[in-house]
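# Summary of structural features
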Amino acid sequence: MAQAMRRQTSLFATDGKPHPLQDTLAAVTLVLGALALITSLFHHLHLVSSWAGLLGILTGGYGQFISVTTRERTALVIGLGASAVGFFLGMAHGGLFGGVIGG
């Protein structure tokens, strides 16, 4: 019966302690990575894909720096990869400013 009374921990925490900041960064990185990857498939959405990719790279990098468990790092690496692909494709299609600055 003691197992039924256990406190619910995080989905990514394997050490039994809650990690709300790390979980939030992993979720944000995954969402930004998915957004960057999906919008990079459309040439006219290069502003969204490049900015979402850049933000995903930054949040994922900081999340990797402060992550505690392997599950958090796995989610962060998947989000970082998707963000990087979306960022680079967005840069190839027009960049962060889309011709507003410099031409």
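Placed above this text is the structure.
A brief report on the enclosed structure follows.

Each value, and the rule that gives it
- Numbers given to residues run from 1 along each chain, matching the order in which its sequence is written.
- The predicted nature of this model means local features are confined to residues of pLDDT at least 70 and side-chain atom pairs, given and counted, to a pLDDT of 80 or more, with totals for whole chains, interfaces and linings taken over all residues.
- Computation of side-chain values: all heavy atoms of the structure, hydrogens and water removed.
- By the criteria applied, helices consist of DSSP H or I runs no shorter than four residues and strands consist of E runs no shorter than two, each listed in order from the N terminus.
- We call a residue buried when its accessible area falls under 20% of the maximum for its residue type, exposed when it is over 50%, and partly exposed in between, using a 1.4 Å probe and counting protein chains only.
- Contacts were defined at the residue level, with two residues in contact if any of their heavy atoms lie within 4.5 Å.
- Pairing of aromatic side chains here covers Phe, Tyr and the six-membered ring of Trp, requires ring centres within 6.5 Å, and sorts the geometry by plane angle: under 30 degrees stacked, over 60 edge-to-face, intermediate tilted.
- Lines are fitted to the C-alpha atoms to define the axes, a helix being fitted only along its stretch in contact, and any angle between axes, read from their N-to-C directions, falls within 0 to 180 degrees.
- Orientation is classified from the angle alone, with under 35 degrees giving roughly parallel, over 145 giving roughly antiparallel, 65 to 115 giving roughly perpendicular, and any other angle giving oblique.
- In this scheme the crossing of two helices becomes right-handed for a clockwise turn of the near helix relative to the far one and left-handed for an anticlockwise turn of less than a right angle.
- For this classification, Asp, Glu, Lys and Arg are treated as charged, while Ala, Val, Leu, Ile, Met, Phe, Trp, Tyr, Cys and Pro are nonpolar and the rest, including Gly, are polar.

## Looking at the overall build of the protein chain
Check the secondary structure of the protein chain and you find three helices and zero strands. Starting at the N terminus and walking to the C terminus, you meet the elements of the protein chain as α-α-α. Counting over 103 residues, the protein chain shows a buried share of 36%. For the protein chain, long-range pairs separated by at least 24 residues make up 74% of all intrachain contacts whose partners lie at least 6 apart in sequence.

## Structural notes on the packing of aromatic side chains
One pass over the full model with this rule turns up two aromatic pairs. Relative to Phe97, the ring of Trp51 has its centre 5.8 Å away and its plane inclined at 80°; by these criteria the two rings are edge-to-face. With Trp51 in helix 2 (residues 46–66) and Phe97 in the segment after helix 3 (70–93), the pair connects residues that are 46 residues apart, well separated along the chain. Phe97 sits in the partly exposed class, given a relative accessible area of 42%.

## Some details on the packing of helix 1 (residues 20–39) against helix 3
Contact geometry of helix 1 with helix 3 gives a least axis separation of 7 Å together with a crossing angle of 30°. As far as their axial angle goes, helix 3 and helix 1 are roughly parallel. Pair helix 1 / helix 3 crosses with left-handed handedness. Across the interface between the two elements, Gln22, Asp23, Leu25, Ala26, Thr29, Leu30, Leu32, Gly33, Ala34, Ala36 and Leu37 of helix 1 pack against Glu72, Ala75, Leu76, Ile78, Gly79, Leu80, Ala82, Ser83, Val85 and Gly86 of helix 3. Here the contact of helix 1 with helix 3 is built from residues that sort into 13 nonpolar, six polar and two charged.

## Considering the packing of helix 2 against helix 3
Orientation of helix 2 relative to helix 3, taken along the N-to-C sense of each, is 150°, at an axis distance of 7 Å. On the basis of their axis angle, the class for helix 2 and helix 3 is roughly antiparallel. When you trace helix 2 past helix 3, the crossing you get is left-handed. Across the interface between the two elements, His46, Ser49, Ser50, Gly53, Leu54, Gly56, Ile57, Gly60, Gly61, Gly63 and Gln64 from helix 2 touch Arg73, Leu76, Val77, Leu80, Ser83, Ala84, Gly86, Phe87, Gly90, Met91 and His93 from helix 3. For the contact of helix 2 with helix 3, the per-class residue count stands at eight nonpolar, 13 polar and one charged.

Fair warning: the whole summary comes from geometry, so function is off the table for now.
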